[in-house]
Amino acid sequence: MIYRCSSEKREIPLKIEFHQHKEELERAVRLPHNTPGKAVAYVLEDHGAYFIIKAIVEMEEKAKRENTEQGVIGIDINVNHIAVSETDGCGNCVLLKTVKMPLDGKTSEQRKHQICQTAKEIVLECVRSHKPLVMEDLDFQKTKNKMRYGNRRQNKMLSDFATRKIEEAIVRRCWKEGYGVKKVNPANTSKIGKEKYSQRMGCTVHMAAAYVIARRGMGME
């Protein structure tokens, strides 16, 4: 790519290699002229000491796995981690885990990168199990009301910045991998998890909440 610098009246050759979604970009570039999905738009951001170049391309939509009859992956989003639960076709728990998501003390760009990495790890559970994902249908007020753990500064950080970004990143990743996302009523998931499952299953309240969310996505409680 040739960058024409008008202020200095010179041309700067830029060697570019895209890493994320490289296959989709190469597919679009190779398509014949006027083929649907061929258009590629480029955005150049000049940051002084460096450039950021973005390519925008239309991606092919995959058929989504949305059937919950064989079980689902349920998640509970928290300040510094996401609790994950997997169910089988009968609603029994077959997996509980925590995916760390350290956001405190990081810059905005570092948080965005961390959120993308966390979303990737979450959706890998869908890919591994061939099951769709279930999450709470969140809004900021419900999220604030739900947070009974952690300090006020951390809760503010999540509610003001991360919650929507996390949700969007996970939904985008599921779309890319071809897995459906089902959103359920968030009412009392932590309370039910704590009172009904946490002690019996020997897990954290957040893991138990993820299990409640998964079962709710299957039409169970």
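This text follows the structure it describes.
Residues numbered from 1 in each chain as written. Predicted model: local features only at pLDDT ≥ 70, side-chain atom pairs only at ≥ 80, totals over all residues. Heavy atoms only, no water.

Enquirer: For this particular structure, what's the right way to read the sheet that holds strand β7 (residues 93-100)?
Expert: Picture the strands of a sheet paired through backbone hydrogen bonds; they go either parallel or antiparallel. Here we have five strands laid out as an open sheet, ordered β7-β6-β5-β8-β9, and mixed in their pairing. The strands lining the two open edges of the sheet, one partner per strand, are β7 and β9 (181-184). Mean inter-strand twist for the sheet, computed between neighbouring axes without regard to direction, equals 25°. Sheet topology places strand β8 (residues 133-136) next to β9; four bridges connect them, and they run parallel. Each residue of the ladder has a partner; that of Met135, found in β9, is Lys183. Contacts from helix α2 (residues 108-129) reach β5 (73-77), β6 (81-87), β7 and β8 within the one sheet, and its direction differs from that of β7 by about 165°. (Pairing = 2+ DSSP bridges. Helix = DSSP H or I, 4+ residues; strand = E, 2+ residues; numbered from the N terminus. Axes fitted to C-alpha atoms, helices over the stretch in contact; angles between N-to-C directions. Contact = heavy atoms within 4.5 Å.)

Enquirer: It is not clear to me how the pairing of strand β3 (residues 40-46) should be interpreted in this structure. Could you clarify?
Expert: Residues in a regular strand point their side chains to alternate faces of the sheet. For β3 and strand β4 (residues 51-57), the ladder comprises seven bridges, and the chain directions are antiparallel. What sits directly across from Asp46, in β4, is Phe51. Once β3 ends, the chain turns through four residues before running back antiparallel as β4, passing Gly48 with a positive phi of about 80°.

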